[in-house]
Amino acid sequence: MNWLSSSQGVVLTAYHPSGKDQAVGDSHAKGGEEATSSRRYGQYTMNQESTTTRVMEKPPFDRSISQDSLDELSMEDYWIELENIKKSSENRQEDQEVVVVKEPDEGELEEEWLKEAGLSNLFGESAGDPQESMVFLSTLTRTQAAAVQKRVETVSQTLRKKNKQYQIPDVRDIFAQQRESKETAPGGTESQSLRTNENKYQGRDDQASNLVGEEKLIPPEETPAPETDINLEVSFAEQALNLKESSKEKIQKSKGDDATLPSFRLPKDKTGTTRIGDLAQQDMKKVCHLALIELTALYDVLGIELKQQKAVKIKTRDSGLFCVPLTVLLEQDQRKVLGTRIPLIFQKLISRIEEGGLETEGLLRIPGAAIRIKNLCQELEAKFYEGTFNWESVKQHDAASLLKLFIRELPQPLLSVEYLKAFQAVQNLPTKKQQLQALNLLVILLPDANRDTLKALLEFLQRVIDNKEKNKMTVMNVAMVMAPNLFMCHGLGLKSSEQREFVMAAGTANTMNLLIKYQKLLWTIPKFIVNQVRKQNTENHKKDKRAMKKLLKKMAYDREKYEKQDKSTNDADVPQGVIRVQAPHLSKVSMAIQLTEELKASDVLARFLSQESGVAQTLKKGEVFLYEIGGNIGERCLDDDTYMKDLYQLNPNAEWVIKSKPL
């Protein structure tokens, strides 16, 4: 296998002449074949032959890549995994429906995009008072607004062509109102704060990021890269635009500085890091709308096409374990275990692998015997929920093969039909930082069931990697083995060229590597998006307040009395610089706490828990949390390192409550 450096971009050189490479593939194949379905991966029609039959052929052209990226052994793992999948698929010949992705009509994707972004009331049958969207639009950055404007224009033109009798907005009117709203809206400090720190990280990011198209795929593990904070305070698309607009001299200066390619980390945020699962449902919905717009804006700025996919609905199994939609699995599992968020079979397979010890050499790479896997599948389908299945009969490599099989045979891909191609396009983003930013937004956009299951998988893979000294499975090896199982759907409905397949192999393995290595960062909601949600809530409260005052005036109430009462709601009997924390389920149900510069959320919890007695004394850290409720947020679970005074200044009208997380 050859690895050559290229100034043209990222391409891969690899060959499989008869000899060593062939022998390695054969030796693995003899160890057993892994079962899978040959007809359906996710919701895409497969053309598996185009992907796998070339694995052992020598390509007629050179494919190059930056020399420090993927080593020979790790790429070998990728192609062997593909070959195992192809061969073992022959052992699961079942009649299953093939699904193709529907080709959307002109403007249909943009119309669907606007609906997903929460802006469907701007057009079509649901068109109404555009003022309803003005609050939302007024919180957008320039790049986000440009992304929305582009889609509104396309939909408007399409509707006019089709002569639909809907209210068709003039995009100039919409964004003129948006600008007017921004100019006239009082108390716009939060909107301004979105750009307050725009240049805070700029110099550091410019220096740290690799600005050349030939991005390292997976840096050498022997030499740890320097760490730098990733900027979550400024819109990712705004950062990309600023970088794009920066001088060519600066870009040229950074070229070839591969040794300083950083490893990114979460920055310290005094107002607390917000993770997926920390926000109330109504705020999380707004986060998803903003994440879709931000992702689209980022891809627009970088010139990468982003198209959501739409699959034709098919009849799927409504019971069982394999080839069953995640949502159906969870519905039947929740009847067994209340509140479970990960399919029980998925949990049990991981548990079985771990029971065998994570130090087993070649774990995940060495497949189980295909015939045995097929028989185990049938037995599991019949006995799993009855509790009569004999798990002792499942060898560790069989359990690993069953886990990968489960992922591949989901009727819809684990990375979702809608965003699978967006995950694929991550490899085309020019810098590692931008790839992480895109993955962060994509993880937010995944359906809950997909996201939770993906998280459980990545956490397990990290535990495997933690034992790499014994099992010989580094992050590169694990990424290579798992990438085909998560990304097989990419382009399989298309006739892909040989070169495209090789580039895809390197790209998806790189994306898999980032998903594993940066999972803590990827499950974080960027601060700039949380700030936009706060701004939306503030403006909506003002709008509601104005409506209430108008109503009260009509009803001849004492408006002055109402305003006075409203003003003092949160200030009653609480001195300046003091917050009152409620803990309805603890012995001490309420406590006034003096704010200091160093007071953290963990300190507040400790004060309450130290006064517990009896049964409540058994409460441990991690079972109850301090919440920020109301004001400019619906509800937010605070991390331990949140500085209370800083957060109070950001949201002075909030209430503070200690409680457990909902199931």
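The structure reproduced in this document is the subject of the present report. (Residues numbered from 1 in each chain as written. Predicted model: local features only at pLDDT ≥ 70, side-chain atom pairs only at ≥ 80, totals over all residues. Heavy atoms only, no water.)

### Some remarks on the overall build of the protein
Tallying secondary structure elements over the protein gives 27 helices and 11 strands in all. In the protein, which comprises 663 residues, the proportion classed as buried is 54%. Excluding contacts between residues fewer than 6 apart, the proportion of contacts in the protein whose partners are at least 24 apart in sequence is 81%. With the model as given, the accessible surface of the protein reaches about 30,300 Å², and the carbon-plus-sulfur share is 48%. (Helix = DSSP H or I, 4+ residues; strand = E, 2+ residues; numbered from the N terminus. Buried < 20%, exposed > 50% of the residue type's maximum accessible area, 1.4 Å probe, protein only. Contact = heavy atoms within 4.5 Å. Areas by Shrake-Rupley, 256 points an atom, 1.4 Å probe, with all protein chains shown as cover.)

### Focus on helix α4 (residues 108–116)
The complete set of buried residues in α4 reads Glu 108, Leu 109, Trp 113 and Leu 114. Where the residues of α4 are buried, they touch α6 (142–161) and α12 (281–301). Positive backbone phi, approximately 80°, marks Gly 118, located one or two places after α4.

### A closer look at the environment of Pro 662
Within the secondary structure, Pro 662 is located in the segment after β11 (655–659). Accessibility expressed as a relative area gives 64% for Pro 662, which makes it exposed. For the pair Pro 662 and Gly 339, spaced 323 residues apart in sequence, the C-alpha separation works out to 9.3 Å.

### Section: the pairing of strand β7 (residues 578–582)
Where β7 lies against strand β8 (residues 590–594), 5 bridges are found, and the strand directions are antiparallel. Within the sheet, the bridge partner assigned to Gln 582 lies in β8 and is Ser 590. Judged from the 2 bridges that link them, β7 and β11 form a sheet pairing that is parallel. What sits directly across from Val 581, in β11, is Trp 656. (Pairing = 2+ DSSP bridges.)

### Some remarks on helix α21 (residues 475–487)
If you check α21, its first and last C-alpha atoms are 17 Å apart, about what 13 residues at 1.5 Å a residue would give, namely 18 Å. Its maximal kink placed at Val 481, α21 deviates by approximately 30°, while the proline Pro 484 follows within four residues. Counting buried residues in α21 gives 13 out of 13 residues, a clear majority hidden from the surface. (Expected span 1.5 Å × (residues − 1). Bend = angle between axes of the 7 residues up to and from the residue.)

### Let's talk about the packing of α4 against α6
Axis separation between α4 and α6 bottoms out at 9 Å; the angle between their running directions is 130°. In terms of axis orientation, α4 runs oblique to α6. Where α4 crosses over α6, the handedness of that crossing is left-handed. In contact with Glu 110, Glu 111, Trp 113 and Leu 114 of α4, α6 contributes Ala 147, Val 148, Arg 151, Val 152, Thr 154, Val 155 and Leu 159. Class assignment of the residues belonging to the contact of α4 with α6 gives a composition of 7 nonpolar, 1 polar and 3 charged. (Axes fitted to C-alpha atoms, helices over the stretch in contact; angles between N-to-C directions. Parallel < 35°, antiparallel > 145°, perpendicular 65-115°, else oblique. Left-handed = near helix turned anticlockwise from the far one by under 90°. Nonpolar A, V, L, I, M, F, W, Y, C, P; charged D, E, K, R; others polar.)

### A look at the packing of helix α14 (residues 344–355) against helix α19 (residues 448–465)
At their nearest, the axes of α14 and α19 sit 11 Å apart, and the two run at 5° to each other. Judged on the interaxial angle alone, α19 and α14 are roughly parallel. Only Thr 453, Ala 456, Leu 457, Phe 460 and Arg 463 of α19 make contact with α14, whose side of the interface consists of Phe 346, Ile 350, Ile 353 and Glu 354. Partitioned by chemical class, the residues of the contact of α14 with α19 number 6 nonpolar, 1 polar and 2 charged.

### Structural notes on the pattern of salt bridges
Going through the model one piece at a time under the given rule, you end up with 22 salt bridges. We note a salt bridge from Glu 459 to Lys 455, for which the minimum N-O separation is 2.5 Å. Note that Glu 459 and Lys 455 are positioned in helix α19 at a spacing of 4 residues, about one turn of the helix. The partly exposed category is assigned to Glu 459, whose relative accessible area is 32%. (Salt bridge = Lys/Arg side-chain N within 4 Å of Asp/Glu carboxyl O.)

### Observations concerning the packing of aromatic side chains
Counting across every chain of the model gives 6 aromatic pairs. Judged by centre distance (5.1 Å) and plane angle (75°), the ring pair of Phe 236 and Phe 528 falls under edge-to-face. You can see Phe 236 sitting in helix α10 (residues 236–245) and its partner Phe 528 sitting in helix α24 (residues 527–554), a full 292 residues away along the chain. In terms of burial, Phe 236 and Phe 528 fall into one category: buried. (Phe/Tyr/Trp six-rings, centres within 6.5 Å; stacked < 30°, edge-to-face > 60°.)

### Notes on the nonpolar core
Tyr 299, Leu 364, Leu 402, Leu 461 and Met 512 are the most contacted members of the largest nonpolar core, which totals 129 residues. With 11 residues, the top contributor of residues to this core is α12. Counting 21 residues, the second largest nonpolar core, distinct from the first, contains Val 581, Leu 586, Leu 638 and Trp 656. (Core = buried A, V, L, I, M, F, W, Y, C linked by side-chain atoms within 4.5 Å.)

### Structural notes on the sheet that holds β11
Judged by pairing direction, the sheet is mixed, and its 5 strands sit side by side in the order β8-β7-β11-β9-β10 without closing on themselves. Of all strands in the sheet, those with a lone pairing partner are β8 and β10 (633–637), marking the two edges. Within the sheet, the average angular offset between the axes of one strand and its neighbour, ignoring direction, is 25°.

### Things to note about the state of the cysteines
Working definition of a disulfide: a covalent bond connecting the sulfur atoms of two cysteines. A complete count under the given rule lists 0 disulfides for this structure. For Cys 323, which is in no disulfide, the shortest distance to another cysteine sulfur is to Cys 377 and amounts to 8.5 Å. (Disulfide = S-S within 2.5 Å.)

### A word on the environment of Ile 593
As for its position among the elements, Ile 593 is in strand β8. Relative accessible area serves as the criterion here: at 0%, Ile 593 is assigned to the buried category. Residues in contact with Ile 593, not counting those within four places in the same chain, are Gly 577, Val 578, Ile 579, Val 581, Leu 599, Val 604, Arg 607 and Phe 608.

### Regarding unusual backbone geometry
Its identity is not glycine, yet Leu 364 carries a phi of approximately 80°, on the positive side. Relative to the helices and strands, Leu 364 is located in the loop between α14 and α15 (370–383). The class for Leu 364 is buried, based on a relative accessible area of 0%. The phi torsion at Ser 416 lies on the positive side, around 75°, for a residue other than glycine. Along the chain, Ser 416 falls in the loop between α16 (396–408) and α17 (420–425).

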